[in-house]
Amino acid sequence: MPCKLLNLCEYETHKLVRIQSVRLGSLKWTFNGVILMFICIMMLWNKEYQEHDYVVSSVTAKVKGVALTSLPDVGDIVWDVVDYSGPSQGKNSFFVVTNVIVTKKQRQGKCPEVPPYGKVCRTDEDCVKGFWNQHSHGVQTGACVKFDVTRKTCEVSAWCPIESKKKPPKPALLASAENFTVLIKNNIRFPNFNFMRRNILPEMTESYLKRCQFNRHTDSSCPIFRLGDIVKEAKENFSEMAVEGGVIGIQIKWDCNLDGFLRNCLPKYSFRRLDEKESNRTLYPGLNFRFARYQTEKDVEERTLFKAFGIRFDVMVFGEAGKFSIIQLIIFIGSTLSYYTLTTVFIDWLIGTSCYSKEARQNYSEKKVESVEDRKQCILCVSFVDENHIRVVKKSHKKSLQEVKPISVHPCKDDTGHLSAMVGVLQKGNNIIDKPSQVLPRANRPAWCLCGCCLPSTHPQEQLCCRQSIGRCITTSSLFEQLVLSRPLLEAVLLYREPLSDLTEGEQRIAALRNCSYRQYISWRIGAPPRESIPVMPSCSVWRIREEYPSQEGEYTSSPDTQL
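Throughout, residues of each chain are indexed from 1 in the direction in which the sequence is written. Local features in a predicted model are, by the rule used here, given only for residues with pLDDT of at least 70; side-chain atom pairs are given and counted only at 80 or more, and totals for whole chains, interfaces and linings are based on all residues. Computation of side-chain values covers all heavy atoms of the structure but excludes hydrogens and water.

UniProt, in the comment section headed Function (unreviewed entry), describes the protein in these words: "Receptor for ATP that acts as a ligand-gated ion channel." Word for word, the UniProt comment on the protein under Catalytic activity (unreviewed entry) is "Ca(2+)(in) = Ca(2+)(out)". UniProt positions are given in the numbering used here, feature names are shortened, and annotations may be inferred rather than shown by experiment.

Looking now at the overall build of the protein. For helices the rule is a DSSP run of H or I covering at least 4 residues; for strands it is a run of E covering at least 2, with both sets numbered from the N terminus onward. Looking only at helices and strands, the protein features 13 helices and 18 strands. Using a 1.4 Å probe on the protein chains alone, a residue whose accessible area is under 20% of its type maximum counts as buried, one over 50% counts as exposed, and one in between counts as partly exposed. With 564 residues in all, the protein has 39% of them scored as buried. Note on areas: Shrake-Rupley with a 1.4 Å probe; residue coverage comes only from the protein chains shown. Of the roughly 34,700 Å² that the protein leaves accessible, carbon and sulfur atoms contribute 54%.

Between N-to-C directions, angles span 0 to 180 degrees; the directions come from axes that are lines fitted to C-alpha atoms, helices contributing only their stretch in contact. Where helix α7 (residues 341-352) contacts helix α8 (residues 358-368), the axes come no closer than 9 Å and their chain directions differ by 135°. Here α7 lies oblique to α8, going by the angle between them. Between α7 and α8, the contacting residues are D348, I351 and G352 on the first element and R361, Y364 and K368 on the second. In the scheme used here, Gly and all other residues not listed as nonpolar or charged are polar, with Ala, Val, Leu, Ile, Met, Phe, Trp, Tyr, Cys and Pro taken as nonpolar and Asp, Glu, Lys and Arg as charged. Looking at the contact of α7 with α8 residue by residue, the classes come out as 2 nonpolar, 1 polar and 3 charged. Throughout this description, any angle smaller than 35 degrees is read as roughly parallel, any larger than 145 degrees as roughly antiparallel, any in the 65 to 115 degree range as roughly perpendicular, and the remainder as oblique. Here a residue-residue contact requires only that any non-hydrogen atoms of the pair lie within 4.5 Å.

Our focus in this paragraph is the environment of Q140. When you line up the elements, Q140 lands in strand β6 (residues 139-146). Judged by its relative accessible area of 12%, Q140 falls in the buried class. Sequence separation between Q140 and G130 is 10 residues, and the spatial gap between their C-alpha atoms is 5.2 Å. Within the structure, the side chain of Q140 is placed 3.1 Å from the backbone nitrogen of V128, a separation counted as a polar contact. The definition of a polar contact used here is a pair of N or O atoms within 3.5 Å, where within protein one atom must be able to donate a hydrogen and the other to accept one, and adjacent residues in sequence count solely through side-chain atom pairs.

Turning our eyes to something else, we now look at the environment of F332. One can find F332 in helix α6 (residues 326-336). For the pair formed by F332 and E48, sequence separation is 284 residues and the distance between their alpha carbons is 6.7 Å. Beyond its immediate sequence surroundings of up to four residues, F332 is in contact with I39, M43 and E48.

Our focus in this paragraph is the packing of helix α10 (residues 478-485) against helix α12 (residues 507-525). Two elements in contact, α10 and α12, have axes separated by 8 Å at closest approach and are oriented at 125°. On the basis of their axis angle, the class for α10 and α12 is oblique. Residues L479, F480, L483, V484 and L485 of α10 lie in contact with α12, whose contacting residues are S517, Q520, Y521 and W524. Residues that form the contact of α10 with α12 fall into these classes: 7 nonpolar, 2 polar and no charged.

What follows concerns the state of the cysteines. By definition, a disulfide links the sulfur atoms of two cysteines through a covalent bond. Cysteine sulfur atoms that pair up within 2.5 Å are treated as a disulfide. Throughout the structure, instances matching the rule amount to 5 disulfides. The disulfide that involves C127 links it to C154, with 2.0 Å between the sulfurs. Linking C127 and C154, the disulfide has an S-S dihedral of approximately -90° and is accordingly described as left-handed. One end of the pair, C127, is in the loop between β5 (93-112) and β6; the other, C154, is in strand β7 (residues 152-160), and 27 residues separate them in sequence. Here C256 pairs with C265 through a disulfide, and the sulfurs are 2.0 Å apart.

Right, let's get into the pairing of strand β13 (residues 288-297). The side chains of a regular strand alternate between both faces of the sheet. A pair of strands is treated as paired once DSSP finds two or more bridges between them. Bridge analysis of β13 against strand β14 (residues 300-324) gives 10 bridges, and the strand direction is antiparallel. Paired with A292 across the bridge in β14 is L305. Linking two consecutive strands that pair antiparallel, namely β13 and β14, is a turn of 2 residues; a positive phi of about 55° is found at K298 within it.

Below, the discussion takes up the side chain of H410. Among the secondary structure elements, H410 is positioned in strand β17 (residues 408-411). For H410, a relative accessible area of 13% corresponds to the buried category. Only 3.0 Å separates the side chain of H410 from the side chain of S408, close enough to count as a polar contact. With residues near it in sequence (within four places) discarded, H410 still touches Q362, E366, H389, I390, V392 and P530.

Think of a salt bridge as a Lys or Arg side-chain nitrogen and an Asp or Glu carboxyl oxygen that are within 4 Å of each other. If you walk through the whole model with that rule in mind, you get 14 salt bridges. Between R290 and E163 there is a salt bridge, with its nearest N and O atoms 2.9 Å apart. One end of the pair, R290, is in strand β13; the other, E163, is in the loop between β7 and β8 (181-190), with 127 residues separating them in the sequence. Accessibility expressed as a relative area gives 45% for R290, which makes it partly exposed.

This part is about the nonpolar core. The biggest cluster of nonpolar side chains holds 52 residues, and the ones touching the most others in it are F94, V96, F190, L227, I230 and F313. Considering every element that reaches this core, the biggest residue donor is β14, with 7 residues. If we ignore the near neighbours within four places in the chain, the residues touching F313 are N92, S93, F94, V96, L227, I230, I248 and I250. Within the second largest apolar cluster, 34 residues are counted, among which are V392, C466, I474 and F480. We call a set of buried Ala, Val, Leu, Ile, Met, Phe, Trp, Tyr and Cys residues a nonpolar core when their side-chain atoms join them within 4.5 Å.

Quick look at the sheet that holds strand β16 (residues 389-394) now. Ordered by their spatial adjacency, 4 strands build an open sheet running β17-β16-β15-β18, and the pairing between neighbours is mixed. The open sheet has two edge strands with one neighbour each: β17 and β18 (534-535). Sheet topology places strand β15 (residues 379-383) next to β18; 2 bridges connect them, and they run parallel. Note that in β18 the partner of L380 across the bridge is I534.

Exposure above 30% relative accessible area and the absence of a salt bridge qualify a residue for a patch, where like charges join within 9 Å and nonpolar side chains (Val, Leu, Ile, Met, Phe, Trp, Tyr) within 5 Å. The grouping of F324, I326, I327, I330 and I331 at the surface amounts to a nonpolar patch, some 520 Å² of accessible area in total. When residues in the nonpolar patch are grouped by element, the largest group, 4 residues, is from α6.

This part covers the packing of aromatic side chains. The description of an aromatic ring pair rests on the distance of the ring centres and on the angle between the ring planes. Centres within 6.5 Å make a pair out of two Phe, Tyr or Trp rings, where for Trp the six-membered ring is used; the pair is then stacked when the planes are under 30 degrees apart, edge-to-face when over 60, and tilted otherwise. The final tally for this structure, using the stated rule, is 19 aromatic pairs. Aromatic pair Y49 and F324: ring centres 6.2 Å apart, planes at 40°, arrangement tilted. With Y49 in the loop between α1 (22-45) and β1 (50-54) and F324 in strand β14, this pair connects stretches of sequence that are 275 residues apart. Looking at Y49, the relative accessible area reads 15%, which means it is buried. Ring geometry for F214 versus F225: centroids 5.0 Å apart, planes at 40°, classification tilted. Here F214, found in the loop between α3 (206-211) and β10 (224-226), pairs with F225, found in strand β10; they are 11 residues apart in sequence, far enough to count as distant. The pair F214 / F225 is uniform in exposure class, with both members buried. Three or more aromatic residues joined by ring pairs form one cluster here, namely W79, F95, F289, F291 and F306. Here R546 stacks its cationic end above the ring of W543, 4.9 Å away from the centre of that ring. Either the NZ atom of lysine or the CZ atom of arginine qualifies as a charge over a ring when it sits within 6 Å of the ring centre and within 35 degrees of the ring normal.

Structure representation (structure tokens):
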């Protein structure tokens, strides 16, 4: 389409095909109803009509509890929150000591390194003065000294005696930490809605917080948790986990609905173990760190070294809030309108299956689909007297039209010109009983001719017979004489189309009768040709008409199809 300014004032719309069918109409509305119900369910279930915002939060934790342990060579030690909380573990985390290895009365000095970290030696030459690595407890002095009855190791400058115990005690020394409690305070905010809340709900009083403790079934909103219950909710055993330590995740999920009377915004707690449990039996098990308590004995600094094992609790907050938004509702409705095309796709597929007759499918296809062929591609339609349908073929420049395979097949459709010709025959009272005309077979019949009356041609599109199998030629039919060759009938058709035309004798009149004869044959044998196709007459019929209405010079400048 050429680009013009007037095109801006034009409107284009789609062409629709309406099928009058109770069955298809009921199926359409049933299918549309199912789609509407699905859309409504998804909209309500997923709250697609809401605008959403994600949570911004902060977490603080306060652990409470006291434990008494009896350590070998140390005695009884009371552990309070300062002792067992350990160093800060980062944002939104807290740590509780559950087991320890104690090395007491360490002083700065020289002592043999502990295998396997120290090198086993025989003489001083095996030790390098000043040497150390990442696993050493000190710096080598260059001397080889006795470690035990059977072994010698390189001497190091370090805190002596060096820690020698590797495995933590079983059961854990602070197994009673199972009864410690932790108060988790979580403040959240949804910036887009300017909405703030915390997990200590407004209805919770001070007396309630002093006596409440989280329980999945009886009190799921209490922010105070027993450590043993947390580990149990994570499907772990506190006594086993306390030996070497580990990492537990406390998940707080806020799923908030901020719509009017449906407003609901409460935290939900869940728990799981975060470190890999199976790997704890092989490399780098559990979680531990070291700390020391220093004192001075007779002006000499000493320390007691503690290797602490424990459980780290990571508090993770997730959340999303939703509030009604007309814009989100319109966007959702617009995005779901495309689902209704599934109805059209399904019904079109159903019509194309064997549920409908071949004629109904063909009729629907012709009404719905309008094929536009490339200008370079010529589509022809042909009719054979021994077939009751029309073939649509592509024009070939190499193969004869008689041998070209059809791309589609269509039923014959009556043409108004053909009907008018029949009326003219009946008005004249002609006898239409089929009596063979005396048309002799031609001696130089080409190989593609099956009726015996065609003439050779060098053009593939003219190499067409009236039959697909050997038999009688259509030009021998008396109806061919009455409808196609009858001069009175042709003159009546010409006057019907052009009432003021001059039918005086001459070359012009013969050419008009010849072209009208072509049209009569096409209307009789093909009717209304399929869209975008050109009808082609068989060679025997063309030459029979030309013999009846010949050109004086014997030259025919145009083929019958160009005269239509």
